[in-house]
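What follows is each chain in one-letter form.
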Amino acid sequence: MNYKELGLKAGIEIHQQLDTAEKLFCRCPTTLRDVSERTGEFYRYLRATESELGEIDRAAREEMKLVRKFCYFTYDTVCLVEHDEEPPAPMNPEALEVSLTIAKMLGMTPVEQVHTMRKLVIDGSNTSGFQRTALVALSGALPDGCRVETICLEEEAAQRVEDETFSLDRLGIPLVEITTAPCMHTPEAVQEVAGHIGMVLRSTGRVKRGLGTIRQDINVSIADGARVEIKGVQELDLIAEVVRREVERQVALLAIAGALRARGARVDHTVIDVTSLFSGTASSILKKAKSILAVRLCGFAGLVGREIQPGRRLGSEMSDYAKKCGVGGIFHTDELPAYGVTAEEVARLREFAGAAEEDCVVIVAAGRERAGCAVEQVMIRAEMALSGVPEETRKMLEEGSTAYMRPLPGAARMYPETDVFVVAIDEPLWEGIAVPELLTDRAERFVREFGLDEALARQAAFSERLPTFEKAVAAGVRPTLAARTLLATCRELARDGVDVGRVSEDEILALLSAVEAGRAAKEAIPDLLAELVRTAGGGAATPQDRVDAVIEKMGPAVSQADVEAIVRRIVAEREAFAREKGMGALGPLMGVVMQELRGSVDGKVISETLRRELKRLLS
Amino acid sequence: MEKLQTGDLVRYTNGGTALTGTYITQRDGMAVVKLDSGYNIGTSPEKIEFIGRPAPQPPAGAGVVVQNRDLPELAIISTGGTIASRVDYRTGAVMSQFSASDILRAIPELGDIARYRDRQIASILSENMLPPLWQELARAVYDEIRHGVAGVIVTHGTDTMAYSAAAVRFMLKTPVPVVFVGSQRSADRPSSDNAMNALCSAAVATGDLGEVAVVMHATTNDDRCAVHRATRVRKMHTSRRDAFQSIGMAPLGYVDYPSLSVTLSDEAVRRGTEEPELRDALEERCALIQFYPGMPSGILDAFEGCAGLVISGTGLGHVATAWVPKLRELIEDGTTVVMTSQCLHGRVCDRVYNTGRDLLAAGVIEGVDMLPEAALVKLMWVLGNEPDPERVGVLMQTDLTGEIRRRSV
């Protein structure tokens, strides 16, 4: 695809959770919990408030199509603020400081006063029915000339457990929202910008890590298409693909619109009750439905079933709209006969609906009311197909295709959070914000200062174990040893099912220092770590004592004399072999000795001793 | 430069970018601007410039809601508590709604329960409530009852709702339900308890109750409201939805939500039991003080000349022994002194300890198991209606409207 010719414009919104001690508007910890740990449940209804023009926001109205009761799980780490039973506490200064740090790193200008707003969200993910959010800084620059428009500090929503049930542990965790201008013109550029911003965020060392702690929303449009916002892309590597597929979808929808117009297609707004036609059907879905309603889409034949994205057809879009009414989906004649519906039934349906060959018939099976609502939605979406691409909020599916979620929200969704005082960002506060070193710069410095190879340096800089690495180096541990242990060794152990996370940072530091002091061999590190994991959690021994204990247990100190005795014995036992191979026996014998000493002695010491013994034997 | 008005379009320049927005106001030397993105920011006034003044918008919500003539009629009397509000997202302003039409537009389901007359007697925060307004409220309720409504709903701020409800109860005999209702979470938010409380209050107001009650959330869930007796209810939490609790007795009933089915206990006074009657005299020169350890008795000098004084004492109903002479003087000078307990739960008994016996000897009246606030408004009412001091003491210990329980259970 020629993205330039298509007029691709894309922007991103990045949502990143901050790793603060407390939540944004209450003093609860920012700890995520398992739902099995919940201490209670309660439920509420949400209702959209009437706005000045007597209008309910269109996105909010859409959510209200289904009258829903929301259930919330609560924990001993959650308070009345998350329950929407207490006014918010003042804005968490730590969170503001982190967001200002990010703003400064992105070259942004702070606002003079931060005003907290209530943004209407009535999908149940906020107990209050709104999300508290505040604009902190404006107008930053990215390396490729793209512009960051705003950074906002807001509270994270509650996590959906299933359907209308939410978990309150996540609600209120501070989150920054970084919005770029629609200044990217290729799918790859979008991914690069997202990667860069992600790197900047991690450079602060004060953002949460792991799945779900960062989410990207992508805005995509092409010249004759429409602005579409794709929510919740969690994997960076999928971003370019998501953009590619959205462009593909918009191009396909425009082609369909062209074809429909050329055919003089239209939507017949008569709802046809076809329940009786399927009284003896073999289709299990149709058989159990109280009501089956049909709509005739004149001139749509073949186009409803046309693929617009991998795994998605125009029919899928209609189905998404219909699902808003609580139905499971739709059937259309482009895909029938199938799903237990016979060719004969299709013929009867077409005849009953008065459908000509170029027409498509869509049917919905559900309770009377839901089916009626769903068939209306199908008509609405079919009308949209005549004019091209509708503006929508969409959600990502696996692999990078998307499904319809709701209309784009209107702008009229915010009003002041009067319970939170305005926060001034004055000169001393802004000037006092320290800008941390970028992780990319840090990696370069590790190469320069520590002589790490580039890959290891980058790994060290971007690793969650970076703080431990830096502490180890500061304590005099060789950077290579620290990096290899923290990155390679720990990863390998984790792969073998050893939960390295149970070893505290102080224990790792004590272990590395012990190795550096020659009290244990570096080859013994994996075994020592595994032993530390195995014995973790018992007693109140200090990290140093714990490390001393495992060193003692795993490898009673082997003296140089012991090493020499063992080497001498092994060489003597394999004298013929040694004489035959000469110094070439060094490698194979090394393995034998190492096995015997089980890593309790540094490999370098063994190889020197062995070399000396071999030389002696051969001379 | 043009003097900026709320609603003016302005350009805001910061960090080399210019954004447009709506001017809201000036506060502490900073201009508040609502940017087109919807966010408010505070900025030095020199960073914004006027670009235009949009034509004034026609007042919103002009449409009148058609009410169902076949349904019973209720009166909604507002005092300032917000049962419905509307948000102007353009300026961010939140406006309280008081007319029946506005309330019905905000909570359309109310229209399925009854038709409504509206009447606004005040628009105040409930901490600014005054005894003369209680009297005005009681008269308004009485007028509506005489007009023939099936029930009355009083919207009220929650802070002092229990005082007002108790005051109206002492002044008024009613054959129909008189229901006080409010909300603990502001009506502008989608999660507000206003709609459910209002619907439950309408259900009670059209139901079988025949006394003054407070109807508010019974739990933190949106599952049911409790119906509390006006003289036995107290706000027991600063912010929770279920802040209102009946003290010393179970609630008079419950309203399930969303079914709105009302169940009343045997104790609830039924519709039609009482004849309408208004006795709205109040003796305002009454006070309520809470005793604390070390509180100087000299504080009582401030209450010289008061007709009545309710003390919220410790435990069974005590104040420091050193207070006894002062209290005796006060009583001898004609002040009625009633003892209640800051325990709230339980009965005053000044016959157990010496201090109590001294208090009784000085002429202090045991407030039985009345809530301090209910005792205060009752004392105002009794002193306003009963000239005989002997009788005042008797009436204060007599159950007039369910404010005193014969038995503690």
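The secondary structure content of chain A amounts to 21 helices and 24 strands. Its C-alpha atoms give chain A principal-axis dimensions of roughly 105 × 65 × 55 Å. Counting all 619 residues of chain A, 43% fall into the buried class.

A count of helical and extended segments in chain B gives 8 helices and 23 strands. For chain B, the C-alpha atoms occupy an extent of roughly 80 × 55 × 35 Å along the three principal directions. A buried classification covers 49% of the 409 residues belonging to chain B. Taking contacts inside chain B between residues at least 6 apart in sequence as the whole, the part at least 24 apart equals 68%.

Time to look at the domain arrangement of chain B. Along its sequence, chain B is organised into domain 1 (9–52), domain 2 (73–278) and domain 3 (286–396). One C-alpha centre belongs to domain 1 of chain B, the other to domain 3 of chain B, and the line joining them spans 58 Å.

The α-helix advances 3.6 residues per turn, and as a result positions three or four apart in sequence lie on the same side. All names here are of chain A. Look at helix α4 (residues 187–203): 25 Å from first C-alpha to last across 17 residues, which is about the 24 Å you get at 1.5 Å a residue. Taken as a whole, α4 has its buried residues at P187, V190, Q191, V193, A194, I197, V200, L201, R202 and S203. Where α4 ends, the next residue or the one after it, G205, has phi of about 70°, a positive value.

A few words on the domain arrangement of chain A. Many structure descriptions define interface size as the accessible area lost when the parts assemble. Residues and elements named next belong to chain A. In terms of domains, chain A is made up of domain 1 (3–227), domain 2 (260–392), domain 3 (439–554) and domain 4 (560–618). Look at where the C-alpha atoms of domain 3 and domain 4 centre, and you get two points 29 Å apart. Taken together, the 5 residues of domain 3 in the interface contact 5 residues of domain 4. Per-class residue counts for the side of domain 3 that touches domain 4 are 2 nonpolar, no polar and 3 charged.

All names here are of chain B. The 4 strands are arranged β20-β21-β22-β23 in an open sheet whose pairing can be described as parallel. With partners counted over all chains shown, the strands left at the sheet margins are β20 (286–290) and β23 (365–366), one partner each. Pairing geometry for β20 and strand β21 (residues 308–313), over 5 bridges, is parallel. Each residue of the ladder has a partner; that of A287, found in β21, is L309. Sitting on the sheet, helix α7 (residues 372–385) touches β20, β21 and β22 (336–341), and the angle it makes with β21 is about 165°.

With 105 residues, the main nonpolar core has V152(B) and V168(B) as its most contacted residues. A domain split of this core shows at least three residues from each of domain 2 (73–278) and domain 3 (286–396) of chain B. Not counting residues within four places of it along the chain, the set of residues in contact with V152(B) comprises L74(B), A75(B), I77(B), V141(B), E144(B), I145(B), V176(B), V178(B), V179(B) and A205(B). Grouped together as the second largest cluster of nonpolar side chains are 70 residues, M108(A), V114(A), C152(A) and Y39(B) included.

Attention now goes to the interface of chain B and chain A. Facing 38 residues of chain B, the contacting portion of chain A comprises 42 residues. Mapped by element, the contributors of at least two residues to the side of chain B that touches chain A are β3 (30–35), β4 (40–43), β7 (85–88) and α1 (100–106) of chain B. It is β4(B) that provides the largest number of residues to the side of chain B that touches chain A, a total of 4 residues. For the side of chain B that touches chain A, the per-class residue count stands at 11 nonpolar, 16 polar and 11 charged. For strand β5 (residues 113–114) of chain A and β4(B), the ladder comprises 2 bridges, and the chain directions are antiparallel. When the sheet's bridge partners are listed, V114(A) is paired in β4(B) with I41(B).

Residue and element names in this part refer to chain A. Pairing is mixed in the open sheet, where 4 strands are placed in the order β2-β3-β10-β9. Lying at the two open borders of the sheet, with one neighbouring strand each, are β2 (40–45) and β9 (159–162). Averaged over all pairs of adjacent strands, the angle between strand axes in this sheet comes to 35°, irrespective of strand direction. Where strand β3 (residues 69–74) and strand β10 (residues 165–167) come together, 3 bridges link them in parallel fashion. Residue pairing in the sheet places Y72 in a bridge with F166 of β10.

Turning our attention to the confidence of the model for chain A. Residues of chain A with pLDDT of at least 70 account for 95%, and the chain-wide mean is 89. Counting contacts from residues 51–57 of chain A, a segment whose pLDDT is below 50, to residues more than four positions away or on other chains yields 22 contacts.

Below, the discussion takes up the pairing of strand β8 (residues 147–155) of chain A. Residue and element names in this part refer to chain A. Of all 9 residues making up β8, 7 are buried, and the element is well covered by its neighbours. Sheet analysis places strand β7 (residues 130–141) next to β8, joined by 7 bridges and oriented antiparallel. From the neighbouring strand, L138 faces β8, where its bridge partner is T150. Between the end of β7 and the start of β8, which pair antiparallel, lie 5 residues, with G145 showing a positive phi angle near 90°. Note: β8 against strand β11 (residues 174–180), 7 bridges, orientation antiparallel. Paired with E154 across the bridge in β11 is L175.

Turning to the environment of G356(B), a few remarks are in order. Residues and elements named next belong to chain B. The topology assignment puts G356 in helix α6 (residues 354–362). Along the chain, G356 and A198 lie 158 residues apart, while their C-alpha atoms are 44 Å from each other. Not counting residues up to four positions away in its chain, the partners in contact with G356 are L316, G317, H318, C349, D350 and R351.

Residues and elements named next belong to chain B. Mapped onto the elements, S265 comes out in the loop between β18 (262–264) and β19 (277–278). Here S265 falls in the exposed class, since 12 other C-beta atoms lie within 10 Å of it. Each C-alpha atom, one on S265 and one on S101, is 33 Å from the other, the two residues being 164 residues apart in sequence. Dropping the residues within four chain positions of it, S265 is found in contact with A250, L252 and G253.

What follows concerns the environment of V435(A). Residues and elements named next belong to chain A. Along the polypeptide, V435 turns up in the loop between α10 (427–431) and α11 (439–450). A residue is classified by how many C-beta atoms lie within 10 Å of it, and V435, with 11 of them, is exposed. The residues contacting V435, other than those within four sequence positions of it, are K104 and M105.

This part covers unusual backbone geometry. Peptide bonds are trans in most cases, and residues, glycine excluded, mostly fall at negative phi. Of note, the amide linkage connecting L336(A) to P337(A) takes the cis form, showing an omega dihedral of 5°. Counting through the fold element by element, P337(A) comes out in the loop between β19 (331–332) and α8 (343–353). The linkage connecting Y257(B) with the following residue, P258(B), adopts the cis geometry, with an omega of 5°. Inspection of the secondary structure assignment puts P258(B) in the loop between β17 (253–256) and β18. The phi dihedral of E399(A) falls on the positive side, at around 80°, and the residue is not glycine. Tracing the sequence through the fold places E399(A) in the loop between β21 (392–396) and β22 (402–407). One non-glycine residue, D28(B), lies in the positive phi region at around 50°. Mapping D28(B) onto the fold places it in the loop between β2 (17–27) and β3.

Scoring rules and cut-offs
Residues numbered from 1 in each chain as written. Chains lettered and ligands numbered in written order. Predicted model: local features only at pLDDT ≥ 70, side-chain atom pairs only at ≥ 80, totals over all residues. Helix = DSSP H or I, 4+ residues; strand = E, 2+ residues; numbered from the N terminus. Buried ≥ 20, exposed ≤ 12 C-beta atoms within 10 Å, placed from the backbone. Contact = placed C-beta atoms within 7 Å. Domains from an automatic or database assignment. Expected span 1.5 Å × (residues − 1). Nonpolar A, V, L, I, M, F, W, Y, C, P; charged D, E, K, R; others polar. Pairing = 2+ DSSP bridges. Axes fitted to C-alpha atoms, helices over the stretch in contact; angles between N-to-C directions. Core = buried A, V, L, I, M, F, W, Y, C linked by C-beta atoms within 7 Å. pLDDT = per-residue confidence, 0-100.

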